[in-house]
Amino acid sequence: MKNVILAIESSCDETSASICIDGKVVNNVIATQEIHSKYGGVVPELASRAHQQAIAPVVKEAMADADIEMSDLSAIGFTQGPGLLGALLVGGAFAKSMALALDIPLIGVHHMKAHILAHFIEDPKPNFPFLCLTVSGGHTQIVRVDNFLDMKVLGQTTDDAVGEAFDKCAKLMGLPYPGGPMIDRLAADGDENRFTFNETNMAGLDYSFSGIKTGFMNFLNKERMKNPDFVDENKNDISASIQRHLIDMLLEKLRMAADQQGISQIAIAGGVSANSGLRDKLKSLSIEEGWDIFIPAFEYCTDNAGMIAITAYYQWLAGDMAEMSAAPMPRMKF
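Residues numbered from 1 in each chain as written. Predicted model: local features only at pLDDT ≥ 70, side-chain atom pairs only at ≥ 80, totals over all residues. Heavy atoms only, no water.

Caption draft 1: Broad picture of helix α1 (residues 44–65). Its 22 residues place the ends of α1 30 Å apart at the C-alpha level, agreeing with the 32 Å of an ideal helix rising 1.5 Å per residue. Every buried residue of α1 is accounted for by L46, A47, S48, A50, H51, A54, I55, V58, V59, A62 and M63. Packed against the buried residues of α1 are β1 (4–9), β2 (14–21), β4 (29–32) and α2 (85–102). Phi turns positive, to about 55°, at D67, one or two residues after α1. (Helix = DSSP H or I, 4+ residues; strand = E, 2+ residues; numbered from the N terminus. Expected span 1.5 Å × (residues − 1). Buried < 20%, exposed > 50% of the residue type's maximum accessible area, 1.4 Å probe, protein only. Contact = heavy atoms within 4.5 Å.)

What follows is the structure, encoded as structure tokens:
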């Protein structure tokens, strides 16, 4: 009999469902929540309500697209954490209800581990052990991956995540939400060496980005006092310069980790891994360092159920199931 897993992702502002058959992710249906754009960031209560509206149609579409009936399902995987409590509750409750009604196993998935295992959805796939730089709006981590379910955080941010730094800098420039992708687009036509910013140096492999936005705000305020139209007139160069600054911080620690661990298999994951500047600089650094690099397809970089499905599959093989009493864990430990 085939192993068929339905996966549900609802950690933040994307409602997604995916079907995985015998370890192959066959689809990845995503409903994006547009409502948050006018508020300049994700509003948790609105996210929860949007998940409630979208989850049944999204699951129905994923199952219909894969030509799967309820009776075909072997298990249901869902994002248990980390994420927004209300959003996790919606996905978790839906998954539990289906699993209980169908009398099939439930699999609770760690969202950030799923980002890493997104590399095993399509070829090429990294060999173990490898290092993964996971970068998103809520997390920035360097992780050593020794097996599908054996991972260790080597370094991480002590405050803001790099995705949050991108979005906050964009907001200070007056750019619409989400700001990170907008900075990436503007940076393509800018001079990345035009402006320089102070770095925050942390011990070991840890990061700190909270001071970046403060320094960036002071920089903009100072320049606006000289010229009120400074941002509008220099939008591309400002975007390119702050993007280069943040990426350089990320990759310097990644280089240190690779040297310390003696690992040349290097991957990136998470929403910020869709950033073209990060991808380009990682490719250049890989040539210098002799690394083999792995970057997921764009659809598997941002929050999606495909990565939840492949992770649930490996947990299924290991017998790592969740109880029906499993609660959402907004700050789920790695």
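Caption draft 2: Expanded view of the packing of aromatic side chains. Tallying each qualifying case throughout the model produces 15 aromatic pairs. Both rings, one in Y207 and one in F209, keep their centres 5.6 Å apart while their planes meet at 20°; by these two values the pair is stacked. Exposure remark for Y207: the relative accessible area of 2% places this residue in the buried category. Seen from their ring centres, F219 and F230 are 5.8 Å apart, and the 80° between their planes marks the pair as edge-to-face. Here F230 lies in helix α7 (residues 230–233) and F219 lies in helix α6 (residues 210–226), a separation of 11 residues in the sequence. Since its relative accessible area comes to 15%, F219 is described here as buried. (Phe/Tyr/Trp six-rings, centres within 6.5 Å; stacked < 30°, edge-to-face > 60°.)

Note that all results are geometric; they support no functional claim without further evidence.
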